[in-house]
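So the chains spell out like this:
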Amino acid sequence: MSAEFELRSLLPEAWREFLCDAVDAGSFRQLSSFLNAEYREQTVFPPLDDLFTAFRLTPPDRVKTVILGQDPYHDDGQAHGLAFSVRAGVRFPPSLRNIFKELNADLNLPVPKDGLLTPWAEQGVLLLNTVLTVRAHQPASHQKHGWEPFTDAVISELSRKKGHLIYVLWGAPAQAKQPLIDAGKHTVICSVHPSPLSAHRGFFGSRPFSAVNRDLAAHGMKPIDWNLTAAGPSDDLPGLFQ
């Protein structure tokens, strides 16, 4: 999309109403101007049509769990607007491989063929990055350009307006958002990040998926079916558990 766009208009209407103060803020208008220039002049991930995928698949009235990531994936063909997810047929990035290892160890579920996490989002798992765009091959390149006030508002407004939610915070940057969450009202599940740099220091064995479901059941809510497409032929499968 090369034509000028208004960022506010790309956000689904239900979220525009839910986040009315944030999308009317000056920082969001500045972010819109910045992104217009970036998408026009640079290669930016995710593609603009995928920018608000998480918000389209998980409207505010359906959110039960928030899994918080950081930047989108910055390599070709990976990011599509859902934290940690990749489209069908795309090789698993290292963090996603470790998420699937823990999913298998936690719930004994088969390793999925694809890394598409859409079924989780459709059940109320908001797969949210704290920054929603990135220049190709330049990690953290869109930090401090206006996304943080917006995603902070998502976290805090969900905490303020919704009944019981579960926030899953992996890694120090995600855990730094805890002051935005009313811990007396919501459940917060923390561990180190699933990145290969940290996963062996406490992500493996943390069993977040069963913990989410126990908490949902304890609050009278339907658990998440974490089972994705069963394993099939895939270049990612050989050696996944080595």
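Here's what I pulled together on the structure shown here. (Residues numbered from 1 in each chain as written. Predicted model: local features only at pLDDT ≥ 70, side-chain atom pairs only at ≥ 80, totals over all residues. Heavy atoms only, no water.)

## Some thoughts on the side chain of asparagine 129
With respect to the helices and strands, asparagine 129 occurs in strand S3 (residues 125-129). Only 3.1 Å separates the side chain of asparagine 129 from the backbone nitrogen of glutamine 70, close enough to count as a polar contact. In this structure asparagine 129 touches Gly69, Gln70, Asp71, Pro72, Ala83 and Thr151, once residues within four positions along its chain are discounted. (Helix = DSSP H or I, 4+ residues; strand = E, 2+ residues; numbered from the N terminus. Polar contact = N/O pair within 3.5 Å; in protein donor to acceptor, adjacent residues only side chain to side chain. Contact = heavy atoms within 4.5 Å.)

## A few points about the pattern of salt bridges
It is possible for side chains of opposite charge to pair when their charged atoms get near one another. Counting across every chain of the model gives nine salt bridges. Between glutamate 41 and arginine 40 there is a salt bridge; the shortest N-O distance is 3.8 Å. Measuring nitrogen to oxygen at the nearest pair gives 2.7 Å for the salt bridge that ties aspartate 152 to lysine 177. With aspartate 152 in helix H8 (residues 147-161) and lysine 177 in the loop between helix H9 (172-175) and strand S6 (187-191), this pair connects stretches of sequence that are 25 residues apart. Beyond isolated ion pairs, a larger network of salt bridges with shared partners links Glu4, Arg40 and Glu41. (Salt bridge = Lys/Arg side-chain N within 4 Å of Asp/Glu carboxyl O.)

## So, helix H6 (residues 94-107)
With 14 residues, H6 extends 20 Å between its outermost C-alpha atoms, agreeing within 8% with the 20 Å of an ideal straight helix rising 1.5 Å per residue. Contacts made by the buried residues of H6 are with helix H7 (118-122), strand S5 (166-170) and helix H10 (208-218). (Expected span 1.5 Å × (residues − 1).)

## Points about the nonpolar core
In this structure, Trp15, Phe55, Trp147, Phe150, Leu158 and Trp226 are the most contacted members of the largest nonpolar core, which totals 73 residues. In contact with phenylalanine 55, other than residues within four places in its own chain, are Leu11, Pro12, Trp15, Leu128, Leu132, Phe150 and Val154. (Core = buried A, V, L, I, M, F, W, Y, C linked by side-chain atoms within 4.5 Å. Buried < 20%, exposed > 50% of the residue type's maximum accessible area, 1.4 Å probe, protein only.)

Keep in mind that these numbers describe shape and distance, not what the molecule does.
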